[in-house]
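Residues per chain, in single letters:
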Amino acid sequence: MKKRFIPSEQIGSIPRNAELISAYKSFKIGELSYAALCDIAESETVQVMKDLEALGCEVISDGEQRKFDGFAHYCLHNSCCYESEGLLVDFSDGHSRVFAPHLKTAPFKYEHTADEFLQFAIKHANVPVKQAVISPSMLSLVYPNTGLKGYNHQQFIEDLVHQHVGEVKRCLELGAHKVQIDFTEARLSLKLDPSGELLNSFVDLINKCLSHFNQEEIARIGIHTCPGADIDSTHSAEVDYKYLLPTLFEINAGNFYVAIRGEKEPEKALYLLGNVIKPEQRVFIGVTNPISTEIETPESICELLLTAAKYIPVEQLGSTDDCGFSPFADDISTAREVAYQKIKARLEGTKLAEMKLGLS
């Protein structure tokens, strides 16, 4: 009989250190070459992976040290084809970020792809590596409302699907443990359009891309949703999960990573998850809050997982963090050591929950 356990994975980002943040600023003002910036980031990538392995992580990410513009549009970094303006997202503390810079020069294409990062990471890892990629729905927002002469929206979508599918396939072929599609705009879409039409269109686009994968590949693909996590604030935490989760789980993915720890009513969200999850899907619930300075205890994490197991079959349950830690290059709100303490607590709390549930 196959032993049951609760898998535990991080979302992606680990806080960048002061040297890398300073180097990125120097690059932006032309005082440092791109090659020099990449050298510093690659060195930090190796260090982060070593740190995560030392913490006891059985699956790691590369810490997203080379996603210089952050997780939302790393693939467009250093391209001259995009405007500085685009979709501006407001956060709860009053600051804003451009999530999807508008395309100004056709055709749409990635400047960088996540398999570049994964190929480097795998060479330096001693455990399986997962790879996060940005959702095609987020990138669909780079097409300007005014359109582009000689490049209609349908042509753009076809190019977008081709770019996204190719990126994910290459990551899987390289041996990614999982490919996680970051769908941070899912909850945000309901804030922008409470009717749900925008969310439905996003889900349709993601499913259009996923139709290019077989069931074995789908089992290694996941969807991450959260209310945002930037400089200790969120962009859509006020949107009730009851409006999101039923539609979210219509995505044809094998894994879902859902922020729970930071929710005002986590048990209500867990109850909803239990009602929408399909037999072939696994949900990794967030058990640490990356934008809180409080270090969760293993005991509190165990308790949250035990509550989750009341509603979600344990063989379909996993643990994760609500979001990546400091997912944008200039976010210094969370120290790397704090992130590591939270990750260690997640690992220990998950093992404790396994014991309480009689799995180990």
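Residues numbered from 1 in each chain as written. Predicted model: local features only at pLDDT ≥ 70, side-chain atom pairs only at ≥ 80, totals over all residues. Heavy atoms only, no water.

Caption draft 1: Layout of the overall build of the protein. When its secondary structure is counted, the protein shows 12 helices and 8 strands. The globule rule puts the C-alpha radius of gyration for 360 residues at 21 Å, and the 19 Å found for the protein is close to it. Once the C-alpha set of the protein is aligned to its principal axes, its extents read approximately 60 × 45 × 40 Å. Sorting the 360 residues of the protein into buried and exposed places 58% on the buried side. Of the contacts made within the protein by residues no fewer than 6 positions apart, 79% connect residues no fewer than 24 positions apart. Accessible area of the protein: about 15000 Å², with a carbon and sulfur share of 51%. The centroid of the 35 positive side-chain charges in the protein is displaced by 3 Å from the centroid of its 51 negative side-chain charges. (Helix = DSSP H or I, 4+ residues; strand = E, 2+ residues; numbered from the N terminus. Rg over C-alpha atoms; globule rule 2.2 N^0.38 Å. Buried < 20%, exposed > 50% of the residue type's maximum accessible area, 1.4 Å probe, protein only. Contact = heavy atoms within 4.5 Å. Areas by Shrake-Rupley, 256 points an atom, 1.4 Å probe, with all protein chains shown as cover. Lys, Arg positive; Asp, Glu negative; His and termini not counted. Charge placed at Lys NZ, Arg CZ, Asp CG, Glu CD.)

Caption draft 2: Examining the packing of helix H5 (residues 153–174) against helix H7 (residues 197–210) more closely. The geometry of H5 relative to H7 is characterised by a closest axis approach of 9 Å and an angle of 55° between their N-to-C directions. Between H5 and H7, the angle is such that the two are oblique. The two elements H5 and H7 cross, and the hand of that crossing is right-handed. Side by side, H5 and H7 meet where Gln 154, Ile 157, Leu 160, Val 161, His 164 and Val 165 of the first sit next to Leu 205, Lys 208 and Cys 209 of the second. A class-by-class count of the residues in the contact of H5 with H7 yields 6 nonpolar, 2 polar and 1 charged. (Axes fitted to C-alpha atoms, helices over the stretch in contact; angles between N-to-C directions. Parallel < 35°, antiparallel > 145°, perpendicular 65-115°, else oblique. Left-handed = near helix turned anticlockwise from the far one by under 90°. Nonpolar A, V, L, I, M, F, W, Y, C, P; charged D, E, K, R; others polar.)

Caption draft 3: Spatial organisation of the sheet that holds strand S5 (residues 221–225). Strand order across the open sheet formed by 6 strands is S3-S4-S5-S6-S7-S8, with parallel pairing between neighbours. Whereas interior strands pair on both sides, the edge strands pair on one side only; in this sheet they are strand S3 (131–134) and strand S8 (317–321). Within this sheet the neighbouring strands show an average axis-to-axis angle of 30°, counted without direction. Bridge count for S5 against strand S6 (residues 255–258) is 4 bridges, and the pairing is parallel. Directly across from Thr 225, in S6, lies its bridge partner Val 258. (Pairing = 2+ DSSP bridges.)

Caption draft 4: Looking closely at the packing of aromatic side chains. By the definition in use, this model includes 15 aromatic pairs. Between Tyr 74 and Phe 117 the ring centres are 6.0 Å apart and the planes differ by 65°, which places this aromatic pair in the edge-to-face class. Here the residue Tyr 74 occupies a position in the loop between helix H2 (34–55) and strand S1 (82–90), and Phe 117 occupies one in helix H3 (residues 114–124), the gap between them amounting to 43 residues. Arranged with centres 5.9 Å apart and planes meeting at 90°, the rings of Tyr 271 and Tyr 311 form a pair that is edge-to-face. Of this pair, Tyr 271 sits in helix H10 (residues 266–276) while Tyr 311 is found in the loop between helix H11 (298–308) and S8, placing the two residues 40 residues apart along the sequence. Taken together, the aromatic side chains of Tyr 24, Phe 27, Tyr 34 and Phe 68 make up a single cluster linked through ring pairs. (Phe/Tyr/Trp six-rings, centres within 6.5 Å; stacked < 30°, edge-to-face > 60°.)

Caption draft 5: Focus on the side chain of Glu 263. Secondary-structure assignment places Glu 263 in the loop between S6 and H10. According to the relative accessible area criterion, Glu 263 is buried, its value standing at 16%. Those residues in contact with Glu 263, other than ones at most four positions away along the chain, are Arg 187 and Tyr 241.

Caption draft 6: Looking closely at the pairing of S1. Relative to strand S2 (residues 96–103), S1 runs antiparallel, the two sharing 6 bridges. Opposite Leu 88, over in S2, you have Val 98 as the bridge partner. Linking S1 back to S2 in an antiparallel pair, the connection comprises 5 residues, with Gly 94 at a positive phi of about 105°.

Caption draft 7: Region of interest: the packing of H2 against H3. Where H2 meets H3, the axes come as close as 10 Å, and the angle between the chain directions of the two elements is 50°. In terms of orientation, H2 lies oblique with respect to H3. Judged by the twist between their axes, the crossing of H2 over H3 is right-handed. Contacts between H2 and H3 pair Glu 42, Thr 45, Val 46, Met 49 and Glu 53 from the former with Phe 120, Ala 121 and His 124 from the latter. Here the contact of H2 with H3 is built from residues that sort into 4 nonpolar, 2 polar and 2 charged.

Caption draft 8: Structural view of the pattern of salt bridges. By the definition in use, this model includes 16 salt bridges. Ionic pairing is found between Arg 170 and Asp 115, a salt bridge with its closest N-O pair at 3.1 Å. Placement of Arg 170 in helix H5 and of Asp 115 in helix H3 is noted, with a sequence separation of 55 residues between them. Close ionic contact of Lys 268 with Asp 240 constitutes a salt bridge, the shortest N to O distance being 2.8 Å. (Salt bridge = Lys/Arg side-chain N within 4 Å of Asp/Glu carboxyl O.)

Caption draft 9: The environment of Asn 207, seen in detail. Here Asn 207 lies in helix H7. On the basis of relative accessibility, which here comes to 22%, the residue Asn 207 falls in the partly exposed class. Measuring from C-alpha to C-alpha, the distance between Asn 207 and Ile 251 comes to 6.0 Å, with 44 residues separating the pair along the chain. With residues near it in sequence (within four places) discarded, Asn 207 still touches Glu 250, Ile 251 and Asn 252. In terms of polar contacts, Asn 207 uses its side chain to reach the backbone amide nitrogen of Asn 252, at 2.8 Å. (Polar contact = N/O pair within 3.5 Å; in protein donor to acceptor, adjacent residues only side chain to side chain.)

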